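Report on the structure
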Amino acid sequence: GESVGLHLPTLSVQEGDNSIINCAYSNSASDYFIWYKQESGKGPQFIIDIRSNMDKRQGQRVTVLLNKTVKHLSLQIAATQPGDSAVYFCAEMGATDSWGKLQFGAGTQVVVTP
Amino acid sequence: DAGVIQSPRHEVTEMGQEVTLRCKPISGHDYLFWYRQTMMRGLELLIYFNNNVPIDDSGMPEDRFSAKMPNASFSTLKIQPSEPRDSAVYFCASSLTVVAGNTIYFGEGSWLTVV
C-alpha cells in the first residue's frame, strides 16, 4: 500500500553543522505534510508543516522543502544543537482528510555530537 | 496550558490483567486521539473521538481493546485481558479541529509493559 517512509534511520551531526532529514512519500494524493520531533521519553511535538501549494517553508532554525515531482520532503535544521537530538517523523495526509488519515513515517534518529 | 495529561506514565502488569490508561485533553479541544507506538510498527492511530463520540476505531487491534470518552475532559483506553504483545507506548493527543493546518498535541505517553 502507499505509505510514508524515511531513507535514513540514524543521522549523526556535529554540533553547529546543518542537518538534513529526508522523507519519501508515495501517496500522490497527499497534499499536507508535517514534521514532528520526539525527544526521549516524550510525545511527538509539532515542528513545522507545509501544504503542497508551497515548495519551501521556514521556521525558527528549520526549513521544510517539498518536491512534489519526486515525492520528497526534507527538514533542514540550521546550526544543530544538542537539544535537537531526537527522533524526527514526517507525516502526510490529504488537506481535506480527517486526522484519522494522518500517516507517520518510521522516523529518523538524529544524534548531535559535540 | 497544561497540555495533554496522561496517566499512568509507566505501568508494568502481568499477562491477563486489566490495564486502564487515562487521558485529559487540552481544554477546548474537541478531537481526542489514542495512538500506540512500537519499534516494529511505529506510530499507529487506534481510535479518535469528536465531541466525545468515537469516529474511527478501525485501528483498534481487537476486542480486548476498548476506549471511552464519557465527557470532554476525560478518556480511557482499556485492555482486558492484557498480553505481552500489547507492550508499547500509548499516546493520547488532542486537537481543536480536524482540518489540516491545526496541530495535534500529544501527551507524554503511557509506557506499558506486560510480562
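Everything here concerns the structure above.
As a starting point, this report considers the structure included with it. (Residues numbered from 1 in each chain as written. Chains lettered and ligands numbered in written order. Predicted model: local features only at pLDDT ≥ 70, side-chain atom pairs only at ≥ 80, totals over all residues. Heavy atoms only, no water.)

Okay, unusual backbone geometry next. Put simply, Ser7(B) and Pro8(B) share a cis peptide bond, and its omega is -10°. Here Pro8(B) shows up in the loop between strand S1 (5–7) and strand S2 (10–13). A cis amide bond, omega -10°, links Gln80(B) with the succeeding residue Pro81(B). Tracing the chain through its elements places Pro81(B) in the loop between strand S8 (74–79) and strand S9 (88–95). We note that Arg61(A) has phi near 65°; this positive angle belongs to a residue other than glycine. (Helix = DSSP H or I, 4+ residues; strand = E, 2+ residues; numbered from the N terminus.)

Successive residues of a regular strand alternate their side chains across the two faces of the sheet. Residues and elements named next belong to chain B. The element S9 is largely enclosed, with a buried count of 8 among its 8 residues. Both faces of S9 are covered, namely the face carrying Ala88, Tyr90, Cys92 and Ser94 and the face carrying Val89, Phe91, Ala93 and Ser95. As judged from the 7 bridges shared by strand S4 (residues 31–38) and S9, these two strands associate in the antiparallel manner. Residue Tyr31 lies in a different strand from S9, and its bridge partner there is Ser95. Alignment of S9 against strand S11 (residues 110–114), held across 3 bridges, turns out to be antiparallel. Directly across from Tyr90, in S11, lies its bridge partner Ser110. (Buried < 20%, exposed > 50% of the residue type's maximum accessible area, 1.4 Å probe, protein only. Pairing = 2+ DSSP bridges.)

A few words on the pattern of salt bridges. All names here are of chain B. Going through the model one piece at a time under the given rule, you end up with 11 salt bridges over all chains. Between Arg9 and Glu108 there is a salt bridge, and its shortest N-O distance comes to 3.1 Å. Remark: Glu108 occurs in the loop between strand S10 (105–106) and S11 and Arg9 occurs in the loop between S1 and S2; sequence separation between them is 99 residues. Residue classification places Arg9 among the partly exposed positions, given a relative accessible area of 30%. In this structure, Glu83 engages Arg85 in a salt bridge whose closest nitrogen and oxygen atoms are separated by 2.6 Å. Given a relative accessible area of 23%, Glu83 falls into the partly exposed group. (Salt bridge = Lys/Arg side-chain N within 4 Å of Asp/Glu carboxyl O.)

A separate point is the state of the cysteines. By the definition in use, this model includes 2 disulfides over all chains. Linked covalently through their sulfurs, Cys23(A) and Cys90(A) form a disulfide whose S-S length is 1.8 Å. What sets the handedness of the Cys23(A) and Cys90(A) disulfide is the S-S torsion sign, and at about 55° it is right-handed. Note that Cys23(A) is positioned in strand S3 (residues 19–25) and Cys90(A) in strand S9 (residues 86–93), a separation of 67 residues in sequence. With respect to class, Cys23(A) is no different from Cys90(A); both count as buried. The residue that forms a disulfide with Cys23(B) is Cys92(B), at a sulfur-sulfur distance of 1.8 Å. Because the torsion about its S-S bond is -70°, the bridge between Cys23(B) and Cys92(B) counts as left-handed. One end of the pair, Cys23(B), is in strand S3 (residues 19–24); the other, Cys92(B), is in strand S9, with 69 residues separating them in the sequence. For the pair Cys23(B) and Cys92(B), a shared accessibility class is recorded, and that class is buried. (Disulfide = S-S within 2.5 Å.)

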